[in-house]
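As a plain string of letters, each chain reads:
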Amino acid sequence: MSTYNTPKWWKESVIYQIYPSSFQAHPGAKNEQGVGWGTVKGITSRLDYLKSLGVDIVWTSPIYKSPQADMGYDIADYKDIDPIYGSVADVDELIAECKKRDMRLMMDLVVNHTSNMHQWFLDSRSSKSNPKRDWYIWKDPKSRNEAGTPEPPNNWAQILGEANSAWTYDTETGQYYLSVFTPDQPDLNWENPEVREAVWDVMSFWLDKGVAGFRMDVINMISKVPTYPEAPIVLDPATHKYQPGTQFFVNGPKMHDYMHEMYEKVLSKYDTITVGEMPGVDSEDEILRTVGANAKELNMIFIFALVDIDKPNVRMALKDWDVKELKSIVSRWQNVMIERDGWNSVFIENHDNPRSVSRYTDDSDEWRDKGAKLLSLMQTTLGGTIFVYQGEEIGIKNAPMEWDPREYKDIETINYWNKCQTIYKDDPEKLKLGRKIIQMKARDHARTPMQWSSAPNAGFCDADTKPWMRIMDDWKTVNAEAQVKYEGDELSTWQFWQRGLKDRKEHADVFVYGGFEEVNKDDENVFGYVRTSKEGEKWLVVLNFSGKEQKWMIPTKEVEFWACSNYTKGRADKAKSGELVLKPWEGALGKVSG
Ligand code: GLC
């Protein structure tokens, strides 16, 4: 018996991801360098805004104590909050304030690796005989050349800097440690049961405080192939000494054992929401082992197929894609979870990806608002638990080409641009392409400060404080305050999101739990699907993913009424059967007659 449409709070909840450094600084907040930086108090001050959008759960990217080498995804103390964000007391207050509004807080759990400044690692690197030595992955050099210079144990490249080795040499003890993201993020050795116990302890600490659950950072990378094989050559070896080794640690040999242990030891004791970040896995069988209703692992994972649609073998590169591919990815995972009793997460943005309106639609002044609403309509009508990313609700777009590479603060972008300048220094065309890739793919686009209002610094931080990262130049016109208050013939992007989330809740049996059927599959521009509740209530979603008018045959009987379109405020006056004319980037939602 499938439990797919059995109601659960974590299936129906609307989750909003906060990128804490860029969300909201409270008055007077500055970091040590005197720059404006978001804070926990700032988050608390915006709960009413989130509530009115329709949010139930606030997930914040890491706010724990951290040197911020990778913006908090390098944790130095799992039970303390970084002073730039505030204190544990501030988080207690945030949890309490959420509760007052019938909302909850979800934390980011980053336990594939720690910071190199975590006490566990400081102990581990202090000597080969330290009791914590084995908490991380230490290996002897593969070889030494004649001059005695060591070579790393294998050819794996860093994920956030593919020009560099995933192994970092420690001169004190003459060994390498594994650090698949950056040298500041040594990988924990999950083979060691003490490490796992320490992780369970951290999880219980936060769950006992009342957090709703966790988003688990790269949780499918915790088990490595123990022989550490050489990675196949996929990047040009003339310019790349190191190669992606992900296949040897994505869904590795013991991952499911560890996930089961996590479930037994911690998750089964609480009523939690869990979502695993699991890049690089495509096998349905493998994914169902984690998110199947009886898997005893996690509620859901982030499947990256849609956000990797333009990724060849590494993220900072480009690949062509088309609307048919987008349609088939979305339809595939909708159907798989329904047929195999799993559960989807629905998302198209996060802090590791460029802005969706720039990526999948047209972010020019003429079409940005339509594109953002089109993507909202798609997401609010797909099955699964929905995640909205900070700024997505007002249609923030990518930073423009004119921005100097120095405006980009992310370690991945910095490493990438350094690589381009080194290996492409005599090739202006490749350098130009590198700049284009940064403009299209950098993670920084999702990390510009939130555009709250037309006040100085977009209301993100005090007027006399420079924000840590440049605010998008369009904040005076594109901001939350203007969109919340907007009055016109259409809804603003924010109001359209609010409408969509409300509709989704009111018709959860259709949009959250219902059946999914793609229609007119062969259409090259229009994505159409029908969602059906257990009781047989049907809704048709039609999304024109092109900048041209499209004609589309309504495949169902009669459309009773068009409940909304991204061109109207309320119901839309459109054909109810036969040929439907869709304007550029138009999306519409119709109730199908019974
Ligand atoms: C995840 C995070 C990303 C981080 C990486 C290493 O992919 O989302 O921001 O850089 O893990 O922790």
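Above this note sits the structure.
Residues numbered from 1 in each chain as written. Predicted model: local features only at pLDDT ≥ 70, side-chain atom pairs only at ≥ 80, totals over all residues. Heavy atoms only, no water.

Undergrad: I'd like a description of the site of the ligand, backed by residues and values.
TA: Surrounding the ligand, one finds 14 residues, the nearest of these being Asp70, Asp217, Glu277, His351 and Asp352. With respect to the ligand, the side chain of His351 contributes an N or O atom lying 2.8 Å from an oxygen atom. If the ligand stood free it would expose 310 Å²; the protein chains cover 96% of that surface. In terms of residue class, the shell around the ligand is built from 4 nonpolar, 3 polar and 7 charged. (Near = heavy atom within 4 Å. Polar contact = N/O pair within 3.5 Å; in protein donor to acceptor, adjacent residues only side chain to side chain. Areas by Shrake-Rupley, 256 points an atom, 1.4 Å probe, with all protein chains shown as cover. Nonpolar A, V, L, I, M, F, W, Y, C, P; charged D, E, K, R; others polar.)

Undergrad: Explain the pattern of salt bridges to me, using residue names and the numbers behind them.
TA: All told, the structure shown has 48 salt bridges when counted by the stated rule. Note that Asp48 is salt-bridged to Arg101, the shortest N-O span being 2.6 Å. Of this pair, Asp48 sits in helix α3 (residues 47–53) while Arg101 is found in the loop between α4 (88–100) and β5 (104–109), placing the two residues 53 residues apart along the sequence. Since its relative accessible area comes to 48%, Asp48 is described here as partly exposed. A network of salt bridges, in which partner residues are shared, links Asp70, Arg315, Asp352, Asp410, Glu412, Arg443 and Arg447. (Salt bridge = Lys/Arg side-chain N within 4 Å of Asp/Glu carboxyl O. Helix = DSSP H or I, 4+ residues; strand = E, 2+ residues; numbered from the N terminus. Buried < 20%, exposed > 50% of the residue type's maximum accessible area, 1.4 Å probe, protein only.)

Undergrad: Account for the environment of Lys241, with residues named and values stated.
TA: Secondary-structure assignment places Lys241 in the loop between β13 (213–216) and α7 (255–265). Separated by 203 residues in sequence, Lys241 and Asp444 place their C-alpha atoms 27 Å apart. With near-sequence residues (within four places) excluded, Lys241 lies in contact with Glu151 and Asn155. A distance of 3.4 Å separates a polar atom in the side chain of Lys241 from a polar atom in the side chain of Glu151. Polar contacts involving the side chain of Lys241 include one to the side chain of Tyr242, which spans 3.5 Å. (Contact = heavy atoms within 4.5 Å.)

Undergrad: Outline empty space enclosed by the protein, listing residues and values.
TA: The tally for this structure, following the rule as stated, stands at 4 cavities of 30 Å³ or more. In this model, the largest cavity occupies a volume close to 230 Å³. Lining the largest cavity are 16 residues, with Leu306, Val330, Ser345, Val346 and Phe347 positioned closest to its centre. A breakdown of the residues in the lining of the largest cavity according to their chemical character gives 12 nonpolar, 4 polar and no charged. (1 Å grid on protein atoms, 1.4 Å probe; cavity = no way out; pocket = protein on both sides within 12 Å on 5 of 7 lines; lining within 4 Å. Points joined across faces, edges and corners; volume = space filled by probe spheres on them.)

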